[in-house]
Amino acid sequence: AAWSPSGIPMTILRGVADEVTSDANAILDSMGSELVVDIDASGASVDLLVGDAEWSSLSGQERFYVALALRLALGRAVAQRTGHEVATMLLDEGWGALDAEHAQKAVEALAGLTKRVGILTVTHIEDIGAQMPQHIEVDATSGTSRALRR
């Protein structure tokens, strides 16, 4: 079966686990995070370890940082193997899990990434949207949605 421990997806994950772990940790460090991830693909399943904590015990802010770092690291691993850079990254919400200080750090980290990849983020937090170099505001007060480019 494809998803068995000897299937193609698990074989691929085992081949990139160390690279993705290293890259994700470098990304976390560049965001000022002290979190350290480890992807263990040595067994029948792939396990994500974050320091001494289990995923379920992480705060929303920690989950946001780890998920962002892993997405970027996986994107880079795919890009290296295919010869096609990741052109756009979509972040749908997640901002509400961050306090003001960490939201600002995440915005700064994303601003640094826009030199390499387009970032499209969805948020209902006006302060986040206002910090993006370009944004589209959807106004539904008239009963129909309309996009306002700012």
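As the structure is a prediction and not an experimental result, all values here were calculated from the model.

A. Structural context of the confidence of the model for the chain. On average, residues of the chain carry a pLDDT of 81, and 94% of them reach 70 or more. Within the chain, no element has a lower average pLDDT than strand β6 (residues 146–149), which sits at 66, and none a higher one than strand β1 (residues 37–40), at 90.

B. Representation of the packing of helix α1 (residues 8–30) against helix α2 (residues 60–82). Close contact between α1 and α2 brings their axes to 8 Å; oriented N to C, the two are set at 130 degrees. Comparing the axis directions of α1 and α2 gives the class oblique. Seen along the crossing, α1 lies across α2 with a hand that is right-handed. Contact with α1, carried on its side by G15, V16, E19, V20, D23, A24, I27 and L28, involves Y65, V66, A69, L70, L72, A73, L74, R76, A77, Q80 and R81 of α2 and no other residues of that element. Here the contact of α1 with α2 is composed, by residue class, of 13 nonpolar, 2 polar and 4 charged.

Definitions and cut-offs
Residues numbered from 1 in each chain as written. Predicted model: local features only at pLDDT ≥ 70, side-chain atom pairs only at ≥ 80, totals over all residues. Heavy atoms only, no water. pLDDT = per-residue confidence, 0-100. Helix = DSSP H or I, 4+ residues; strand = E, 2+ residues; numbered from the N terminus. Axes fitted to C-alpha atoms, helices over the stretch in contact; angles between N-to-C directions. Parallel < 35°, antiparallel > 145°, perpendicular 65-115°, else oblique. Left-handed = near helix turned anticlockwise from the far one by under 90°. Contact = heavy atoms within 4.5 Å. Nonpolar A, V, L, I, M, F, W, Y, C, P; charged D, E, K, R; others polar.

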